[in-house]
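Examining the three-dimensional arrangement
Listed below, chain by chain, are the residues.
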Amino acid sequence: MAHEHKHEHHSHEMTSLNKAFIIGIVLNAGFVVVEFIAGFWYDSLGLISDAGHNLGDVASLVLAMLAFRLAKVHSNTRYTYGYKKSTVLVSLLNAVILLIAVGFILGESIDKLFHPRPVDGDAVAWVAGAGVIINAVTAWLFMRDKEKDLNVKGAYLHMAADALVSIGVVVSGILIQYTGWYIIDPLIGIGIVGIIVYSTWGLLKGSLRLSLDGVPIGTDYKHIGQVITSIAGVKSIHHMHIWALSTTETALTVHVVVGNMEQMESLKCEIKSKLRQEGVAHATLEFETPEGHCSGEGCDVN
């Protein structure tokens, strides 16, 4: 009965998160369209650049939902790890597209900085104000489950931060309305570009690292090695490789040199338990004795 209850709770949680992603994507995609149209209609780069930022929100939500769903897809004889790696490729594509868009926005902002044009500050404030509400509502959708999954937490933090960005656009609209300083609009546009670049750079760097099978950010290679060698019965390790199966799952392979092969099964359980505590869910261990350990020329002992 307890197992059944746990299974039902997990299924309910999956359904709830799936609905949260869909609602968040629909709300933000609709707002992006409205904000782009309003930005062009009122000739506001602040709104256009914020719409570009919110388009990144939609992409990040789609990516998070994709990772959430692909994590449930079973592997097959052609894709033995399933389709988990696609989450890394999508995040890399997302980062590249965002940086290209930033280039266009920055160019327009600089041009308007030197050639200011009238902007309806009141309209800018109202449209961006709607963005504050939508971003806040989307963040609320993920607030309950943000500590249970990194993708969900990332979506929550991203939307909460974007609510603050939209507040900045609201302030610029109010200032323009009461001061007539149209130069504020391109300055806000440049400021938002800076925020996009700052947040996207980490995504780009992390995606490139994972696509090259690098050690995931937040995983300390030396520390993992020390965790394994600190276990009684382990003499040394070599040929250790750590990489990402997806944006949320880390894998490891390592050769473990032990003094007594009779301890292999118990050591295997202990090592895998320790690694799970370090965030490594998939570990492949190869045990050998000091006599069988390859350490001469031609051995890759990294």
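Overview of the structure. (Residues numbered from 1 in each chain as written. Predicted model: local features only at pLDDT ≥ 70, side-chain atom pairs only at ≥ 80, totals over all residues. Heavy atoms only, no water.)

As a further point, take the overall build of the protein chain. Looking only at helices and strands, the protein chain features 8 helices and 3 strands. Mapped in sequence order, the helices and strands of the protein chain form the string α-α-α-α-α-α-α-β-β-α-β. Accessible surface computed for the protein chain: about 16,600 Å², of which carbon and sulfur atoms make up 65%. (Helix = DSSP H or I, 4+ residues; strand = E, 2+ residues; numbered from the N terminus. Areas by Shrake-Rupley, 256 points an atom, 1.4 Å probe, with all protein chains shown as cover.)

Counting 18 residues, the largest nonpolar core has Ile224, Ile228, Leu252, Ile271 and Leu275 as its most contacted members. Elements that contribute at least two residues to this core include exactly α7 (221–229), β1 (234–244), β2 (250–258), α8 (264–277) and β3 (280–288). In this structure Leu252 touches Ile224, Met240, His241, Ile242, Trp243, Leu275, Val280, His282, Ala283, Thr284 and Leu285, once residues within four positions along its chain are discounted. The next biggest cluster of nonpolar side chains, apart from the first, holds 17 residues, and it includes Ile25, Leu141, Tyr156 and Met159. (Core = buried A, V, L, I, M, F, W, Y, C linked by side-chain atoms within 4.5 Å. Buried < 20%, exposed > 50% of the residue type's maximum accessible area, 1.4 Å probe, protein only. Contact = heavy atoms within 4.5 Å.)

Turning next to a nonpolar patch on the surface. Residues Ile23, Leu27, Ile133 and Val137 make up a contiguous nonpolar surface patch of roughly 310 Å² in combined accessible area. Among the secondary structure elements, those contributing two or more residues to the nonpolar patch are α1 (2–41) and α4 (121–143). Mapped onto the secondary structure, Leu27 falls in helix α1. You can call Leu27 partly exposed: its relative accessible area is 32%. (Patch = residues over 30% accessible without salt bridge, like charges linked within 9 Å, V, L, I, M, F, W, Y side chains within 5 Å. Salt bridge = Lys/Arg side-chain N within 4 Å of Asp/Glu carboxyl O.)

Between side chains of opposite charge, a pair can form as their charged atoms come close. Considering all chains together, one arrives at 2 salt bridges under this definition. Across the salt bridge formed by Lys85 and Asp213, the nearest N and O atoms sit 2.7 Å from each other. Of this pair, Lys85 sits in the loop between α2 (45–70) and α3 (86–114) while Asp213 sits in the loop between α6 (184–211) and α7, placing them 128 residues apart in sequence. Its relative accessible area of 43% is what places Asp213 among the partly exposed residues.

All of the buried residues in α7 are Ile224, Gly225, Val227 and Ile228. Along the axis of α7, the buried residues cluster in a sector spanning 155 degrees; they form a single face. Within α7, the exposed residues directed more than 90 degrees away from the buried face are Lys222 and Gln226. Along its buried surface, α7 packs onto β1, β2, α8 and β3. The N-cap residue of α7 is Asp220: its side-chain oxygen and the backbone nitrogen of Lys222 are 3.1 Å apart. (Arc of directions from axis to C-beta. Polar contact = N/O pair within 3.5 Å; in protein donor to acceptor, adjacent residues only side chain to side chain.)

Secondary-structure assignment places Ser266 in helix α8. The partly exposed category is assigned to Ser266, whose relative accessible area is 47%. Sequence separation of Ser266 and Gly233 is 33 residues, and the distance between their C-alpha atoms is 10.0 Å.

The subject of this paragraph is α8. Three or four residues apart is the spacing at which side chains of an α-helix point the same way, because the helix has 3.6 residues per turn. Between the first and last C-alpha of α8 there are 20 Å, a value that for 14 residues agrees with the 20 Å anticipated at 1.5 Å per step. For α8, the complete set of buried residues consists of Leu267, Ile271 and Leu275. Take α8 and look down its axis: the buried residues cluster within an arc of 65 degrees, on one side only. Across from the buried face of α8, at angles greater than 90 degrees, the exposed residues are Cys269, Arg276 and Gln277. Summarising the contacts, the buried residues of α8 are in contact with α7, β1, β2 and β3. One or two positions beyond α8, positive phi appears at Gly279, with a value near 90 degrees. (Expected span 1.5 Å × (residues − 1).)

A word on the packing of aromatic side chains. As enumerated under the stated definition, the model contains 2 aromatic pairs in all. Here the aromatic rings of Tyr79 and Tyr83 are separated by 5.1 Å at their centres, their planes lie at 40 degrees, and the arrangement is tilted. We classify Tyr83 as partly exposed; its relative accessible area is 34%. (Phe/Tyr/Trp six-rings, centres within 6.5 Å; stacked < 30°, edge-to-face > 60°.)

Attention now moves to the sheet that holds β1. Spatially, β1-β2-β3 is the arrangement adopted by the 3 strands of the open sheet, whose pairing is mixed. Among the strands making up the open sheet, the edge pair consists of β1 and β3. Taking each pair of neighbouring strands and ignoring which way they run, the sheet shows an average axis angle of 20 degrees. Summarising the sheet, β1 and β2 pair through 8 bridges and their orientation is antiparallel. In the strand pairing of β2, Ile237 is matched with Val256. On top of the sheet, α7 reaches β1, β2 and β3; it is set at about 140 degrees to β1, its chief contact. Across the face of the sheet, α8 comes into contact with β1, β2 and β3 while running at roughly 150 degrees to β3. (Pairing = 2+ DSSP bridges. Axes fitted to C-alpha atoms, helices over the stretch in contact; angles between N-to-C directions.)

Its identity is not glycine, yet Asp213 carries a phi of approximately 60 degrees, on the positive side. If you check the backbone angles, His239 has positive phi at about 50 degrees while not being a glycine. By the element assignment, His239 lies in strand β1.

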